[in-house]
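Listed below are the residues making up each chain.
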Amino acid sequence: MRNTQQEMIQEMSDKEITFHLLLTQVIILSAAVGLSAFFFDAFLTEWLEQFYTSWQEWWLYGIIPGLIVLLIDLFLMYVLPESTYDDGGVNKRVFANRSLPGIFMITLLVAVSEEMLFRGVVHHEFGYITASVLFAVLHIRYLKRMVLFLSVLFVSFFIGYMYEVTGSLVVTITAHFIIDVVLGVWIRLGKWGEKHASKT
């Protein structure tokens, strides 16, 4: 019997893991569209309003916050044991042997689908705290890794605050994408944990 998520992951091929990730994102994106059709008074207008931002907002609330979170993550990856950032091997299996365009497309899909659901619909309709907590809970595989879970919780509230200030999905998608794509490339280049591990 498969008792742990780790064992389940080990039994799956890289293609199967990637397929399940992509399927999850398509479901999340579909949920965003479906729920918005139910909750929004003016479906197209409310989505278009959320996809507007100024260049100044884009830099100040999208790019810069994304880079700040990224730098914090990279710092923690160097000072903490590799095991604290172990998500059960999912991220390594998805990104370690993937092409750079493939990493770009997957992380863009993740950023768009998750931000559309959690900020574009849940935050828009139910508020900042509800959306931020639900976003963190979505990453259920992190619950047994306190550093990872607290990191995701912090990122969720931080990016959620950017949406609270701007009401723009462009800024939150940008920040989310910057974090994910750089960490995906980091894994692809073999940097996640190897330097730290070689010092211990």
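Scroll up to find the structure.
Residues numbered from 1 in each chain as written. Predicted model: local features only at pLDDT ≥ 70, side-chain atom pairs only at ≥ 80, totals over all residues. Heavy atoms only, no water.

Before going further, it helps to spend a moment on the side chain of Thr-166. Tracing the chain through its elements places Thr-166 in helix 8 (residues 146–166). Exposure remark for Thr-166: the relative accessible area of 17% places this residue in the buried category. Of the polar contacts made by the side chain of Thr-166, one reaches the backbone oxygen of Met-162; its length is 2.8 Å. Among all residues touching Thr-166, those that are not within four sequence positions of it are Glu-57, Tyr-61 and Val-171. (Helix = DSSP H or I, 4+ residues; strand = E, 2+ residues; numbered from the N terminus. Buried < 20%, exposed > 50% of the residue type's maximum accessible area, 1.4 Å probe, protein only. Polar contact = N/O pair within 3.5 Å; in protein donor to acceptor, adjacent residues only side chain to side chain. Contact = heavy atoms within 4.5 Å.)

We now examine the nonpolar core. Counting 28 residues, the largest nonpolar core has Trp-47, Val-94, Phe-95, Leu-117 and Leu-169 as the members making the most contacts within it. Among the secondary structure elements, those contributing two or more residues to this core are helix 2 (14–39), helix 5 (90–95), helix 6 (100–126), helix 7 (128–138), helix 8 and helix 9 (169–188). Looking at which element gives the most residues to this core, the answer is helix 6, with nine residues. Once residues within four sequence positions are removed from consideration, Leu-117 is found in contact with Ile-28, Ala-31, Ala-32, Leu-35 and Val-122. Counting residues in hydrophobic clusters, the runner-up holds 14 residues, among them Met-77, Ile-159, Ile-179 and Leu-183. (Core = buried A, V, L, I, M, F, W, Y, C linked by side-chain atoms within 4.5 Å.)

Note that Ser-168 resides in the loop between helix 8 and helix 9. The exposure class assigned to Ser-168 is buried, which follows from its relative accessible area of 0%. Reaching out from Ser-168, the side chain makes a polar contact with the backbone oxygen of Tyr-52 at a distance of 3.0 Å. In terms of polar contacts, Ser-168 uses its side chain to reach the backbone amide nitrogen of Val-170, at 3.2 Å. Other than its neighbours up to four places away in sequence, Ser-168 contacts Gln-50, Tyr-52, Thr-53 and Tyr-163.

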